[in-house]
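# Structural features, examined
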Amino acid sequence: MKKFTQAILVTILLSGMVNAAQMLPVDNERFLNQPSLLGYVADEFIVVLKDQVPVNHAADALQPVALEQLAGFRNLSGLFKVDRLRPQFAGADQGLLADSDSKRSLARHYKIHIQTGTLEEAMEAY
């Protein structure tokens, strides 16, 4: 009896899938031949700070361009007219998010938005 019930359920499911495939319009070109990197942004990139650089996301949140206190960052921000420099993972420097080295490393990721220059030039400079 159990096998008979299973066979009936499988038959019903398969026939429903066949009917759905015939009725629903599918545009195969929408999913094929797409670029492999869909998340590319021409004026933003991620910079990862070295371990010895102190991070403080609470202080960074008070400024539109974080890390301005670091001399090198201030110069580069002016050169590329950076209008946003924010922690990629805000709050990762405190609490449970900072309880291990691997989690603390997330606090060192910052997203930079440039207004002038090319992305390649900015990435090389930072």
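See the structure shown above.
None of these values were measured; they are calculated from a predicted model.

## Remarks on the overall build of the protein chain
Counting its regular elements, the protein chain contains 5 helices and 3 strands. In the protein chain, the order of α-helices and β-strands from amino to carboxyl end is α-β-α-α-β-α-β-α. Expressed as a percentage of the 126 residues in the protein chain, the buried residues total 22%. The long-range fraction of contacts in the protein chain, counting pairs at least 24 apart against all pairs at least 6 apart in sequence, stands at 68%. Roughly 9500 Å² of accessible area belongs to the protein chain as shown, and the carbon and sulfur atoms make up 61% of that amount.

## What about the sheet that holds strand S1 (residues 44-48)?
With antiparallel pairing, 3 strands are arranged side by side in an open sheet as S1-S3-S2. Looking along the sheet, the strands with just one partner apiece sit at the ends: S1 and strand S2 (84-87). Mean inter-strand twist for the sheet, computed between neighbouring axes without regard to direction, equals 25°. Of the pairings in the sheet, the one linking S2 to strand S3 (residues 109-113) comprises 4 bridges and is antiparallel in character. Residue pairing in the sheet places leucine 85 in a bridge with isoleucine 112 of S3.

## Observations concerning the pattern of salt bridges
When charged atoms on two side chains of opposite charge get close, those side chains can pair. Throughout the structure, instances matching the rule amount to 3 salt bridges. Two residues, arginine 84 and glutamate 44, come together in a salt bridge whose shortest N-O distance is 2.8 Å. On the criterion of sequence distance, the pair formed by arginine 84 in strand S2 and glutamate 44 in strand S1 is long-range, its members being 40 residues apart. What makes arginine 84 partly exposed here is its relative accessible area of 37%. A salt bridge links aspartate 51 to arginine 108, with the shortest nitrogen-to-oxygen separation between them at 3.7 Å. Taken together, the positions of aspartate 51 in the loop between S1 and helix H2 (57-60) and arginine 108 in the loop between helix H4 (101-104) and S3 put the pair 57 residues apart, joining distant regions of the chain. According to the relative accessible area criterion, aspartate 51 is exposed, its value standing at 63%.

## Notes on the side chain of serine 77
Note on placement: serine 77 falls in helix H3 (residues 71-79). A relative accessible area of 7% means that serine 77 is categorised as buried. If near-sequence neighbours (up to four positions away) are discounted, serine 77 is found in contact with Val65, Glu68, Val82 and Tyr126.

## Points about H3
Among the residues making up H3, those that are buried are Phe73, Leu76 and Ser77. The buried residues of H3 occupy one face: seen down the axis, they fall within an arc of 105°. When the buried face of H3 is taken as reference, the exposed residues oriented beyond 90 degrees from it are Ala71, Asn75, Gly78 and Leu79. Against the buried residues of H3 lie S2 and helix H5 (119-125). Directly beyond the C-terminal end of H3, a positive phi value near 50° is found at lysine 81.

Rules used in this analysis
Residues numbered from 1 in each chain as written. Predicted model: local features only at pLDDT ≥ 70, side-chain atom pairs only at ≥ 80, totals over all residues. Heavy atoms only, no water. Helix = DSSP H or I, 4+ residues; strand = E, 2+ residues; numbered from the N terminus. Buried < 20%, exposed > 50% of the residue type's maximum accessible area, 1.4 Å probe, protein only. Contact = heavy atoms within 4.5 Å. Areas by Shrake-Rupley, 256 points an atom, 1.4 Å probe, with all protein chains shown as cover. Pairing = 2+ DSSP bridges. Axes fitted to C-alpha atoms, helices over the stretch in contact; angles between N-to-C directions. Salt bridge = Lys/Arg side-chain N within 4 Å of Asp/Glu carboxyl O. Arc of directions from axis to C-beta.

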